[in-house]
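Summary of the model geometry
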Amino acid sequence: MSIETSDFQSRLRVLLGLQGAVLTDEELSHMADSYPRCPGKEQWDVRQYVRPHTGVGAREYRVVRGSSVQDVFRSTERERAAAVGTALNELESQEKSADERHRLPL
């Protein structure tokens with residue numbers, strides 16, 4: 001799936017907005033850079049990790065695909081990470097639907 005960086009960021013921003021989540025330009029830029037390094041067809045999921053070098057109970061939520069350890073987004077807030085995972089799944093679903101429509105015989 002090849003989504004242009006600017007298109008990726010703007011479409012993701014809209015999908016996140018529908019869920020009431022807002023990411024900074026820096027977070028969106030990081031995701032646009034990380035996204036191509038997370039190939040696969042599995043759904044995006046949120047995994048909980050203990051944050052390194054922090055106090056007891058500090059958690060970090062990472063958005064990953066399948067069994068990969070490569071994440072596309074990290075947050076200390078589960079709700080934000082869940083919104084990102086949902087938005088990425090929706091974005092890819094829309095992209096897949098568009099690809100399928102282009103392949104239909106006329």
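Rules used throughout
- Residues numbered from 1 in each chain as written.
- Predicted model: local features only at pLDDT ≥ 70, side-chain atom pairs only at ≥ 80, totals over all residues.
- Heavy atoms only, no water.
- Helix = DSSP H or I, 4+ residues; strand = E, 2+ residues; numbered from the N terminus.
- Expected span 1.5 Å × (residues − 1).
- Buried < 20%, exposed > 50% of the residue type's maximum accessible area, 1.4 Å probe, protein only.
- Axes fitted to C-alpha atoms, helices over the stretch in contact; angles between N-to-C directions.
- Parallel < 35°, antiparallel > 145°, perpendicular 65-115°, else oblique.
- Left-handed = near helix turned anticlockwise from the far one by under 90°.
- Contact = heavy atoms within 4.5 Å.
- Nonpolar A, V, L, I, M, F, W, Y, C, P; charged D, E, K, R; others polar.

1. Some remarks on helix 1 (residues 5–18)
Turn by turn, an α-helix covers 3.6 residues, leaving residues three or four places apart pointing in a common direction. Helix length check: helix 1, at 14 residues, gives a terminal C-alpha distance of 20 Å against a target of 20 Å (1.5 Å per residue), a fit within 8%. When helix 1 is considered as a whole, its buried residues turn out to be Phe 8, Gln 9, Arg 11, Leu 12, Leu 15 and Leu 16. Two residues or fewer after helix 1 comes Gly 20, characterised by a positive phi angle close to 80°.

2. Some words on the packing of helix 1 against helix 2 (residues 25–34)
Direction vectors running N to C along helix 1 and helix 2 enclose 125°, while the axes themselves pass 10 Å from each other. If you check the angle between helix 1 and helix 2, you find them oblique. Of the two elements, helix 1 crosses helix 2, and the hand of that crossing is right-handed. Between helix 1, through Thr 5, Phe 8, Gln 9, Leu 12, Arg 13 and Leu 16, and helix 2, the contact on the second element is made entirely by Asp 25, Leu 28, Ser 29, Met 31 and Ala 32. Partitioned by chemical class, the residues of the contact of helix 1 with helix 2 number six nonpolar, three polar and two charged.

None of this, on its own, says anything about what the molecule does.
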